[in-house]
Amino acid sequence: MTERVGRFAQYYLLGQLIKRDVLLRYRGAMFGVAWVFINPLIMLCIYAYVFGHVFQARWPQQGNGAPFWLVLYSGLIAFNIFSDTISRAPTAVKNYPNFVKKIIFPVEILPLVPLGAALVHAMFNVLILLAALAWAGQLNLQVILYPLMLLPLVLIALGLSWFLAAWGVFIKDMSQIVPPFVQMLLFLSPVLYPAASVPESFRPLYRYNPLGAVIEACRSAALGQPINWTSWASALVLGLVASGLGLAFFKHSREEFADAL
Amino acid sequence: MPSDDVAISARNLNKTYRLFSHPGDRIKQFFTLGIKQYHRQFTALKDISFDIKKGDTVGIIGRNGSGKSTLLQLICGILKPTSGTVRTEGRISALLELGAGFNLEFTGRENVYFQGALMGFTQADMDGLIDDIAAFADIGEFLDQPVRTYSSGMFVRLAFAAMIHADADILVIDEALSVGDEAFQRKCFDKLQDYLEGHEKILLFVSHNVRQVERICSHAIWLENGRIVQQGAAGETCAAYQTKIHQQVHGMHESTKPLPTIADSGEVEVIRIQLFADNGEESVDEIEIHAALRIVVDFRCHSNLIEPDILIGFHTIDSVFIATASTAILPKPPDFPQGEHRVQVRIADLTLLPGVYQIRLGFLDRHLRPMWAGHKLSAFRVTAPAGSNLVRFPPGLIDMPFEWTFSSGTQ
């Protein structure tokens with residue numbers, strides 16, 4: 001059935017689904033799509049206030065004088081792609097029983113929708129980041145590597161999405177389990193602090209944490225610092241493996257979706 | 001090997017579901033890798049084989065839970081068979097539920113475009129179709145309103161319009177046409193017939209409504225408990241199915257007291273409803289067309305009934321009312337003092353066409369307040385005259401005494 005819908009048609013369909021997903025969030029809201037900009041700005045203000053003023057957090061390696069909130073923001077964008085995607089993945093298929101049971105539909109593209117929507121939001125975030133960098137006088141050419149730096153993270157999120165979406169169909173608890181884990185990851189990943197300020201004994205955990213590697217790489221790219229290509233590359237390999245396994249698992253479970261929904 | 005003009009071919013299809021009594025059991029099953037069984041098996045379809053040729057219209061009939069919808073889902077590729085194969089040729093448009101891909105927050109137009117994307121149409125393709133779809137759905141300015149503001153009728157019209165214009169090779173419809181007003185149903189059937197005519201299209205149609213199947217379909221497949229009971233020409237298969245249903249419906253009512261399924265004020269109690277051939281002594285459940293039929297109702301009233309309206313009528317299994325006898329239109333409606341009574345209504349010439357019919361019965365007081373009302377009561381079958389080789393009567397419910405005249409010229 002999937003082969004009948006051509007590859008191009010599938011991409012078009014995916015594009016439509018993502019568009020619907022993004023638009024749906026703002027449909028009927030007074031400020032409409034302006035929320036795409038307002039939300040990240042509010043979030044940025046909160047983090048800047050709490051960590052910059054209340055906790056007086058210091059960023060040891062901010063050598064070239066980028067303000068704290070800018071450093072934070074450049075990493076947070078990457079983390080948000082991951083957290084947005086993963087929190088919504090368990091319901092990506094579960095919330096569309098009609099697409100599974102009532103229409104002929106390539107179900108494996110459903111888990112791509114939260115990721116796609118998260119990437120759309122990230123794009124606006126990056127625009128804000130660029131504006132902020134320019135405003136703070138920190139704009140440099142290396143920032144064009146930013147999207148490339150995100151690649152391993154996207155692949156990991158993709159693999160996990162397929163996996164979680166499949167399990168979310170069978171196990172209703174998944175949508176409850178995932179958010180606290182995402183919250184935990186926020187504090188365990190070097191988003192609010194650099195990996196360098198972690199005690200020496202925990203350092204390996206951060207070195208091999210693909211999420212951490214990507215976040216650090218993104219930050220380096222945005223702020224014009226040297227990028228750790230080795231950890232990035234290993235994260236990429238992990239991402240490829242994760243997405244491959246995720247898709248395989250999804251396709252394996254797909255046959256029973258209709259029974260479980 | 002199936003020949004070239006076969007567009008859907010199913011061979012030994014089986015579909016078994018795994019039923020888990022607790023969601024956790026599924027996880028246990030997953031981790032034990034099949035060493036231990038945490039589930040029960042439920043077989044939805046057993047050994048189904050059939051071929052459908054291009055240009056066929058096929059109805060799938062059967063009771064609830066007989067596997068009709070599962071079979072459609074297998075044909076569409078939404079479900080995978082546990083064993084066996086199903087091969088289809090051409091693009092399938094499935095209408096297992098009208099507007100299944102619609103999102104209530106979006107406008108009709110947006111949803112139609114999205115439905116198109118589901119079918120593999122691009123934006124440009126849909127630009128060319130939208131006017132036809134809008135004209136067929138005929139919902140005016142609502143096309144640009146969110147679907148949640150639609151009446152259920154408008155929703156159905158738009159969904160059907162979007163589907164029928166997709167120009168698929170195989171059209172699969174599950175009960176979808178039982179909704180919408182009569183005018184629109186008529187329009188849908190006309191459109192369906194246009195669509196089928198001349199093209200090498202296939203229509204697969206599931207319905208509880210045997211009459212609809214008889215009317216639209218050339219072939220029928222009768223499923224029961226996941227097996228094919230009979231398949232072949234629609235007329236014969238539907239007739240066999242109706243006979244079976246009649247036996248079951250009748251068996252259900254045989255020994256039980258008629259129940260007031262619609263209204264019951266406690267003033268009247270119906271004891272039994274019996275049908276007799278004109279001068280027969282034994283009650284019957286089969287009667288030949290054009291014979292005389294007597295319907296006898298025994299009831300008990302707990303107070304004096306002054307000029308009640310007693311209604312006795314017929315309806316089809318799908319609740320189409322055909323005719324009703326009423327005491328209220330008599331010159332002098334009778335009164336019934338407290339106690340047991342028997343009323344009889346006789347039909348000298350039963351013009352109902354062969355098929356299965358049911359009785360409805362109502363007791364209303366003088367002010368038309370229902371005291372006892374029920375439908376789907378006794379069932380009976382009208383049979384073709386013995387020895388008649390009429391396999392199929394012309395479509396309809398009643399054999400009207402038509403008179404033809406033929407002459408030359410227009411004078």
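Cut-off values and rules
Note that residues are indexed from 1 along each chain, following the sequence as it is written. Lettering for chains starts from A, numbering for ligands starts from 1, and both go in the order in which the items are written. At least 70 in pLDDT is required for a residue's local features to be given in this predicted model, at least 80 for side-chain atom pairs to be given and counted, and no such filter applies to totals for whole chains, interfaces and linings, which use all residues. At least two bridges found by DSSP between two strands are what make those strands a pair. Counting from the N terminus, the helices are the DSSP runs of H or I reaching at least four residues and the strands are the DSSP runs of E reaching at least two. Interaxial angles span 0 to 180 degrees and are taken between N-to-C directions of axes, which are lines fitted to C-alpha atoms, for helices over the stretch in contact. An automatic or database domain assignment provides the domain bounds reported here. Residues are scored as being in contact if the C-beta atoms we place from backbone atoms lie within 7 Å. Gly counts as polar in this scheme, as do all residues outside two lists: the nonpolar Ala, Val, Leu, Ile, Met, Phe, Trp, Tyr, Cys and Pro, and the charged Asp, Glu, Lys and Arg. Within a predicted model, pLDDT stands for the predictor's per-residue confidence, ranging from 0 to 100. In this usage, the nonpolar core is the set of buried Ala, Val, Leu, Ile, Met, Phe, Trp, Tyr and Cys residues whose C-beta atoms join them within 7 Å. Whether a residue is buried, exposed or partly exposed follows from its count of other C-beta atoms within 10 Å of its own C-beta, namely 20 or more, 12 or fewer, or something in between, respectively; the C-beta atoms are built from the backbone. Our angle categories are set so that under 35 degrees counts as roughly parallel, over 145 as roughly antiparallel, 65 to 115 as roughly perpendicular, and the remainder as oblique. Each crossing gets its hand from how the near helix is turned against the far one by less than a right angle, where anticlockwise is left-handed and clockwise is right-handed. One fewer than the residue count of a helix, multiplied by 1.5 Å, yields its expected span. Bend is the name given here to the angle between axes fitted to two runs of seven residues, the run ending at a residue and the run starting at it.

Caption draft 1: A look at the sheet that holds strand β11 (residues 268-277) of chain B. Residues and elements named next belong to chain B. One open sheet holds the three strands; their spatial order is β11-β13-β16, and the pairing between them is antiparallel. Edge strands, defined here as strands with exactly one partner in the open sheet, are β11 and β16 (339-347). Neighbouring strand axes in the sheet, compared pairwise and without regard to direction, differ in orientation by 15° on average. Direction of pairing for β11 relative to strand β13 (residues 293-301): antiparallel, over a ladder of nine bridges. When the sheet's bridge partners are listed, Val268 is paired in β13 with Cys301.

Caption draft 2: Quick look at the domain arrangement of chain B. Residue and element names in this part refer to chain B. The domain architecture assigned to chain B consists of domain 1 (6-248) and domain 2 (263-383). Between the C-alpha centres of domain 1 and domain 2 there is a distance of 39 Å. Every contact between the two is made by six residues of domain 1 and, on the other side, six residues of domain 2. Residues belonging to the side of domain 1 that touches domain 2 are distributed by class as follows: one nonpolar, four polar and one charged.

Caption draft 3: Quick look at the confidence of the model for chain B. All names here are of chain B. For chain B, mean pLDDT is 82; residues scoring 70 or higher make up 91% of the total. The lowest-confidence element of chain B is helix α1 (residues 23-32), averaging 71 in pLDDT; the highest-confidence one is β16, averaging 92. The complex model carries a pTM of 0.70, and its ipTM stands at 0.75.

Caption draft 4: Summary view of the interface of chain A and chain B. Across the boundary between the two partners, chain A contributes 24 residues, which contact 26 residues of chain B. For the side of chain A that touches chain B, the secondary-structure elements that each account for two or more residues are α1 (7-26), α4 (97-101) and α11 (257-260) of chain A. Among the elements that make up the side of chain A that touches chain B, the one with the highest residue count is α1 of chain A (six residues). Looking at the side of chain A that touches chain B, its residues break down into 13 nonpolar, three polar and eight charged.

Caption draft 5: Fine view of the sheet that holds strand β2 (residues 39-53) of chain B. Residue and element names in this part refer to chain B. Read across the sheet, three strands follow the order β2-β1-β4 without closing on themselves; strand pairing throughout is antiparallel. In the strand order of this sheet, the two ends are held by β2 and β4 (83-88), each with one partner. Ignoring strand direction, the axes of neighbouring strands in this sheet form an average angle of 25°. Of the pairings in the sheet, the one linking strand β1 (residues 6-20) to β2 comprises eleven bridges and is antiparallel in character. Across the sheet, Arg18 pairs through a bridge with Gln41, a residue of β2.

Caption draft 6: Summary view of the pairing of strand β14 (residues 309-316) of chain B. All names here are of chain B. As defined by bridge partners, β14 adjoins strand β17 (residues 355-364) across eight bridges and the pair is classed as antiparallel. In the strand pairing of β17, Ile310 is matched with Phe363. Strand direction decides the pairing type here: β14 and strand β15 (residues 321-326), joined by five bridges, are antiparallel. Within the sheet, the bridge partner assigned to His315 lies in β15 and is Phe321. Hairpin connection from β14 to β15: four residues lie between these consecutive antiparallel strands, with Ser319 at a positive phi of about 60°.

Caption draft 7: Structural detail: the nonpolar core. Residues Leu153, Ala157, Val214 and Cys218 of chain A together with Val172, Leu204 and Phe205 of chain B are the most contacted members of the largest nonpolar core, which totals 150 residues. The biggest single contributor to this core is helix α6 (residues 146-170) of chain A, with 18 residues.

Caption draft 8: How the structure looks around the environment of Leu240 of chain A. All names here are of chain A. Locating Leu240 in the fold gives a position in helix α10 (residues 229-254). On the basis of neighbour count, Leu240 is assigned to the partly exposed category, with 15 C-beta atoms found within 10 Å. Between the alpha carbons of Leu240 and Leu151 there is a distance of 9.8 Å; along the sequence they are 89 residues apart.

Caption draft 9: Representation of the packing of helix α5 (residues 112-135) of chain A against α6 of chain A within the structure. Residues and elements named next belong to chain A. For the pair α5 and α6, the least separation of the axes is 11 Å and the interaxial angle reads 155°. Classified by the angle their axes make, α5 and α6 are roughly antiparallel. Note on packing geometry: the crossing formed by α5 with α6 is right-handed. Residues Pro114, Leu115 and Val126 of α5 form the contact with α6, whose participating residues are Tyr146, Ala157, Leu158 and Ser161.

Caption draft 10: Fine view of the pairing of strand β5 (residues 92-95) of chain B. Residues and elements named next belong to chain B. Of the two faces of β5, the one lined by Ile92 and Ala94 and the one lined by Ser93 and Leu95 are each fully buried. Relative to strand β6 (residues 170-174), β5 runs parallel, the two being bridged by four bridges. The partner of Ala94 across the bridge, within β6, is Val172.

Caption draft 11: Molecular detail of unusual backbone geometry. Residue and element names in this part refer to chain B. We note that Asn225 has phi near 50°; this positive angle belongs to a residue other than glycine. Secondary-structure assignment places Asn225 in the loop between β8 (219-224) and β9 (227-233). Despite not being glycine, Leu368 shows a phi value in the positive range, around 65°. Along the polypeptide, Leu368 turns up in the loop between β17 and β18 (370-374). Look at Leu368 and you get exposed, because 8 C-beta atoms sit within 10 Å.

Caption draft 12: The arrangement of helix α4 (residues 123-137) of chain B in detail. All names here are of chain B. Over its 15 residues, α4 extends 20 Å from the first C-alpha to the last, a length consistent with the 21 Å expected when each residue adds 1.5 Å. Residue Leu129 marks the point of greatest curvature in α4, where the axis turns by about 45°. Those residues of α4 lying buried are Met126, Ile133 and Ala137. Where α4 is buried, its residues contact α3 (108-118) and α5 (152-164). Just past α4, the residue Asp138 takes up positive phi, approximately 55°.

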